[in-house]
Amino acid sequence: MSASIINGKELAHDIRQNMKEEVSQLIINEGVTPHLTVIIVGDNPASKSYVRGKQKASNETGISSDVIEFPSSITEEKLLQVIQELNKDPKVHGILVQLPLPDHIREEHVIVTIDPAKDVDGFHPMNIGRMMTGEDTFFPCTPYGIITMLKSKNIRIEGKHAVIIGRSNIVGKPVGQLLLNENATVTYCHSRTEKLMDHTTRADIIIAAIGQPNVITMDYLKQGAIVIDVGINRLQDGSLTGDVDFDNVKQKASYLTPVPKGVGPMTITMLLKNTIKAAKGLSKQ
Ligand code: GUN
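Residues numbered from 1 in each chain as written. Predicted model: local features only at pLDDT ≥ 70, side-chain atom pairs only at ≥ 80, totals over all residues. Heavy atoms only, no water.

(A) Representation of the sheet that holds strand β7 (residues 205–208). Spatial strand order, β1-β11-β8-β7-β5-β6: six strands in an open sheet with parallel pairing. The open sheet terminates on both sides in strands that have one partner only, identified here as β1 (4–5) and β6 (185–189). Across two bridges, the pairing between β1 and strand β11 (residues 255–256) is parallel. Looking at the pairing, S4 lines up with Y255 of β11. Where helix α7 (residues 172–181) meets the sheet, it contacts β5 (161–165), β6 and β7, and its direction lies at approximately 170 degrees from that of β6. (Pairing = 2+ DSSP bridges. Helix = DSSP H or I, 4+ residues; strand = E, 2+ residues; numbered from the N terminus. Contact = heavy atoms within 4.5 Å. Axes fitted to C-alpha atoms, helices over the stretch in contact; angles between N-to-C directions.)

(B) Seen up close, the sheet that holds strand β4 (residues 94–97). Strand order across the open sheet formed by three strands is β3-β2-β4, with parallel pairing between neighbours. Unpaired on one side and paired on the other, β3 (64–70) and β4 mark the two borders of the sheet. When the angles between neighbouring strand axes are averaged without regard to direction, this sheet yields 15 degrees. Strands in contact with helix α2 (residues 45–61) are β2 (35–41), β3 and β4; relative to β3, the strand with the most contacts, it is inclined by about 160 degrees. Against the sheet, helix α3 (residues 76–88) touches β2, β3 and β4, its axis set at about 180 degrees to β2.

(C) Quick peek at the environment of M197. Here M197 is to be found in helix α8 (residues 196–200). Judged by relative accessible area, M197 falls into the partly exposed class, the value being 35%. Along the backbone, M197 and V263 are 66 residues apart, and their C-alpha atoms lie at a distance of 23 Å. Ignoring anything within four residues of it in the chain, the contact list for M197 reads D219 and Y220. (Buried < 20%, exposed > 50% of the residue type's maximum accessible area, 1.4 Å probe, protein only.)

(D) How the structure looks around the site of the ligand. As a structural note, the neighbourhood of the ligand is formed by K54, L96, V97, Q98, L99, D121 and F123. Here a nitrogen atom of the ligand sits 2.6 Å away from a polar atom, N or O, in the side chain of D121. Protein contacts shield 83% of the accessible area of the ligand, which totals 280 Å² for the unbound molecule. (Near = heavy atom within 4 Å. Polar contact = N/O pair within 3.5 Å; in protein donor to acceptor, adjacent residues only side chain to side chain. Areas by Shrake-Rupley, 256 points an atom, 1.4 Å probe, with all protein chains shown as cover.)

(E) Up close: the pairing of β3. Relative to β3, β2 runs parallel, the two being bridged by seven bridges. Looking at β3, one finds that I39 is bridged to I68. Once the chain exits β2 it traverses α2 before rejoining the sheet at β3, and the crossover so formed is right-handed. (Right-handed = clockwise from strand over helix to strand, strands pointing away.)

(F) The arrangement of the packing of aromatic side chains in detail. This structure, assessed with the given rule, holds one aromatic pair. Ring centres 5.4 Å apart and planes at 80 degrees place the aromatic pair F139 and Y144 in the edge-to-face group. Take F139: its relative accessible area is 13%, and that puts it in the buried class. Overall, Y144 belongs to the buried group, its relative accessible area being 16%. (Phe/Tyr/Trp six-rings, centres within 6.5 Å; stacked < 30°, edge-to-face > 60°.)

(G) Up close: the layout of surface pockets. Its boundaries defined by the atoms lining it, the second largest pocket holds a volume of some 360 Å³. Lining of the second largest pocket is provided by 16 residues; of these, F123, I128, N169, K173 and P174 occupy positions nearest its centre. Across the lining of the second largest pocket, the residue classes tally to 11 nonpolar, two polar and three charged. (1 Å grid on protein atoms, 1.4 Å probe; cavity = no way out; pocket = protein on both sides within 12 Å on 5 of 7 lines; lining within 4 Å. Points joined across faces, edges and corners; volume = space filled by probe spheres on them. Nonpolar A, V, L, I, M, F, W, Y, C, P; charged D, E, K, R; others polar.)

(H) Expanded view of empty space enclosed by the protein. Tallying each qualifying case throughout the model produces one cavity of 30 Å³ or more. The computed volume of the largest cavity comes to approximately 40 Å³. In this structure, the largest cavity is lined by V97, L99, V110, I111, I114, D119, D121 and F123. Grouping the constituent residues of the lining of the largest cavity by class yields six nonpolar, no polar and two charged.

(I) Molecular detail of unusual backbone geometry. A cis amide bond links L99 to the next residue, P100, at an omega of 0 degrees. Within the fold, P100 resides in the loop between β4 and α4 (107–113). For the peptide bond that leads from V259 to P260, omega is -5 degrees, which places it in the cis range. Residue placement: P260 occurs in the loop between β11 and α10 (263–283). With phi around 55 degrees, N154 is a residue other than glycine that occupies positive phi space. Positionally, N154 belongs in the loop between α6 (141–152) and β5. Under the relative-accessibility criterion, N154 is labelled exposed at 71%. A positive phi is found at N214, a non-glycine position, where the angle reads about 55 degrees. Along the polypeptide, N214 turns up in the loop between β7 and β8 (226–229). A relative accessible area of 31% means that N214 is categorised as partly exposed.

And the structure:
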């Protein structure tokens, strides 16, 4: 049996169609156009490409957006000043600072400076705390997209054993927390984990967020496992591939996400969702 493929591109398209309607209602009924401001520092080509994707998707959904670009020589002080100004600007509902930042800028200082009410990335410690205590808040976009993909296929999360490979603040840690909030039993694995396969072969759900191309093969999973591939690795020939050896794992998994057209489009969609949520919060004040 071959795995069912969870097509993130199609799901993202369907969700965005509904969002378009939600945005136009917000504009008509409340006179509020959701606005996202993205800040990018330096000229990392991957970051630039992600930011273009975010801006295009925003505009297609009726969300207005702008991108503020700074050279990598910008000081931390200046960047924090710009964020503080955006915090005060009532027209700006969502603020996203694209990561990674140059080494001389402390990421954690940048993240805590963003008003939690405008933190559409869901990275502010206040929002992370709210997520941990099970409150509604802005959830980090990639983890939120993953949960939405699982739910779209009516995959039961409650009581299942989810194994996360990767412990980044952006994906690994928060996806584990969201799965726990859905009553999964969660195991975190990472680069120092011993006998990785002992853990992954007991998983009902595997989240691969490693950052190395095609490393997860069918040997890592039990028959019928659900495999979510968060990797976006560019190969020498310019093509994109995930952390999972797709053709190999497809033969053993029950569900599998592809790369591209998997988690990536869902991440952007959840960013749009958070931006609309931020704009709605403001419209109630
Ligand atoms: N860099 C890679 N992924 C992300 C993300 O989800 N948000 C931000 N701000 N930067 C990123």
